[in-house]
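Next come the chains, spelled out residue by residue.
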Amino acid sequence: MLLIRNIGTLQTPVGSFKHGGEKQGENIKLHNAAILVEDGIIKAITSDGALPEGADKAEIVVDAQGRLVTPGLVDCHTHMVFGGYRQGEIPLKLRGAGYLDILKAGGGILDTVGKTRAATEDELFAKSMAFLNEMIHLGVTTVESKSGYGLDLENELKQLRVNQRLNKAHKMDVVSTFLGAHAIPEEYKGRADEYIDMLCNEVLPAVKEQGLADFVDVFCEDSVFDVAQSRKMLKAGQKLGLRARIHADEIEEIGGAVLSGEVGAVSAEHLIATGEKGMASMAKGGVIADLLPATSFYLNKTFAPARRMIELGIPVAIASDFNPGSCPSLNLQLAMSMGYIKYRMTPEEVLSAVTINAACSCGLEDKIGTLEEGKQADIVIWNAPDMEMLVYRFGSNMAGTVIKKGEVVL
Ligand code: NIG
Ligand code: FE
């Protein structure tokens, strides 16, 4: 058993459901609290100086020294398995080339596709293990990881196998998403419909059969996949039992958010350019908005209308979008600070965004996302007295001690 005592403030959302509207900002705050953990599960939580029954039997005792404790962070949108890097794109960007211009010219995602195809599964695995180590030190205890740099049967499966191996080999929980429809590969140039058919008929069934993904995703974007193609992809995935998520309205508003509500996607992601129609569809369909503020920063774009979404009752999650192009940062704490300053979300709303709502977006809300009895003991002790301090100190790593499944990681 593990006992965490002397917690100054234990702050957490409560309940295993999407926290939208008013609920987005509802956290409980327990003072002078303690948590008792047995077999990786939270057994009891107490406050006001009391210790849980059986606390004296704990073999490991961690003194939180009056600091803030929250659930482990959940990064619900990453592209963390990739070959190479793309630092050479930045000078082009600074000279005025747009993200989609670079992609159209065969760079961007397609550049990473070449490097990912050239990498062995073991190379990708080793590289991603190091990313997971970095993330867990930043307080992230669960991560979603998308494929989408293979774009053919062999290489999409290779990327997804890496996700599976990471999930087994690393303490971190890794949720796997099939994003074969991330770009149109060179060999299908001008034949996007045929590419989508190939994904639906050949790759998706193999992904399903080998149990390599829980989610299906698509990059619904101007000059990438249109709404009809995206709908086809998501529905084909849903038919096989995968849950849908969608890259929607990242650069242009072409109807991705509207589609997310229509198909009952778990989440729509990016949403920089989403307007009222898209948000109405999301609100109606109970779709989570996975917002990626560090990508807005890195692409020099505006920030998604988070406050309007909260007003409409749409549950907001915040994620890193870690990838080699539009966001080469895996620091979810940085994204949280951007949520605070650029989305104007309160510290409480930000915490729900990176815990319970992100957990819902990964389909793991029964297991993680809050600190409650019976939930997995994924816990962070922060080098901060409260959430205000945590989101204020942008750019620093404020994680003190990270506990994953009841095990002290650092
Ligand atoms: O979420 N927009 C599509 N996918 C990623 C970027 C991937 C890349 O540039 O390599 C994103 O921003
Ligand atoms: Fe993305």
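Residues numbered from 1 in each chain as written. Chains lettered and ligands numbered in written order. Predicted model: local features only at pLDDT ≥ 70, side-chain atom pairs only at ≥ 80, totals over all residues. Heavy atoms only, no water.

## Description of the packing of helix α5 (residues 153–169) against helix α6 (residues 192–209)
One can describe the packing of α5 onto α6 by two numbers: an axis separation of 10 Å at closest approach and a directional angle of 25 degrees. One way to sum up the angle between α5 and α6 is to call them roughly parallel. Crossing angle aside, the handedness with which α5 passes α6 is right-handed. Residues Leu153, Glu156, Leu157 and Leu160 of α5 pack against Glu202, Val203, Ala206 and Val207 of α6. Each residue belonging to the contact of α5 with α6 can be placed in one class, and the counts come to 6 nonpolar, no polar and 2 charged. (Axes fitted to C-alpha atoms, helices over the stretch in contact; angles between N-to-C directions. Helix = DSSP H or I, 4+ residues; strand = E, 2+ residues; numbered from the N terminus. Parallel < 35°, antiparallel > 145°, perpendicular 65-115°, else oblique. Left-handed = near helix turned anticlockwise from the far one by under 90°. Contact = heavy atoms within 4.5 Å. Nonpolar A, V, L, I, M, F, W, Y, C, P; charged D, E, K, R; others polar.)

## So, unusual backbone geometry
One non-glycine residue, Asn300, adopts positive backbone phi at about 55 degrees. With respect to the helices and strands, Asn300 occurs in the loop between α10 (293–298) and α11 (306–311). Owing to a relative accessible area of 69%, Asn300 belongs among the exposed residues under this scheme. Notably, Asp321 is not glycine yet its phi reads approximately 65 degrees, a positive angle. (Buried < 20%, exposed > 50% of the residue type's maximum accessible area, 1.4 Å probe, protein only.)

## Description of the domain arrangement of the protein
Parsing the protein into structural domains produces domain 1 (2–71 + 370–408) and domain 2 (74–361). Between domain 1 and domain 2, the contact holds 40 residues from the first and 33 residues from the second. Of the roughly 2700 Å² buried at the junction of domain 1 and domain 2 (both faces included), carbon and sulfur atoms supply 61%. Taken together, domain 1 and domain 2 are joined by 4 salt bridges. Put simply, Asp173 and Lys404 hold a salt bridge, and the shortest N to O gap is 2.7 Å. Secondary structure elements with two or more residues in the side of domain 1 that touches domain 2: β1 (2–12), β5 (68–71), β14 (379–382), α15 (387–392) and β15 (399–404). In terms of residue count, the dominant contributor to the side of domain 1 that touches domain 2 is α15 (5 residues). By residue class, the composition of the side of domain 1 that touches domain 2 is 14 nonpolar, 16 polar and 10 charged. (Domains from an automatic or database assignment. Buried area = accessible area lost by both parts, 1.4 Å probe. Salt bridge = Lys/Arg side-chain N within 4 Å of Asp/Glu carboxyl O.)

## Focus: helix α4 (residues 121–137)
It helps to recall that an α-helix has 3.6 residues per turn; residues three or four apart then point in one direction. Taking 1.5 Å per residue as the helical rise, α4 with its 17 residues ought to reach 24 Å, and the 25 Å between its terminal C-alpha atoms agrees with that figure. Looking only at α4, the buried set comprises Glu121, Leu124, Phe125, Lys127, Ser128, Met129, Phe131, Leu132, Met135 and Ile136. Where α4 is buried, its residues touch α3 (109–118), β7 (140–146), α5, β8 (173–181) and β15. One or two positions beyond α4, positive phi appears at Gly139, with a value near 95 degrees. (Expected span 1.5 Å × (residues − 1).)

## Some remarks on the packing of aromatic side chains
Summed over the entire model, instances satisfying the criterion amount to 9 aromatic pairs. Centroid distance Tyr195 to Phe225: 6.2 Å. Interplanar angle 20 degrees. Geometry classified as stacked. Taken together, the positions of Tyr195 in helix α6 and Phe225 in the loop between β9 (215–220) and α7 (227–239) put the pair 30 residues apart, joining distant regions of the chain. A cation sits over an aromatic face here: Lys127 above Tyr85, 4.3 Å from the ring centre. One cation-aromatic arrangement involves Arg165 over Phe125; the distance from NZ or CZ to the ring centre is 4.3 Å. (Phe/Tyr/Trp six-rings, centres within 6.5 Å; stacked < 30°, edge-to-face > 60°. Lys NZ or Arg CZ within 6 Å of the ring centre and 35° of its normal.)

## Quick look at the environment of Thr177
Looking at the element boundaries, Thr177 is found in strand β8. Once the C-alpha coordinates of Thr177 and Leu240 are considered, the two residues, 63 residues apart in sequence, prove to be 14 Å apart. Beyond its immediate sequence surroundings of up to four residues, Thr177 is in contact with Glu144, Ser145, Lys146, Ser147, Leu160, Asn163, Ala213, Phe215, Val216, Asp217 and Arg245.

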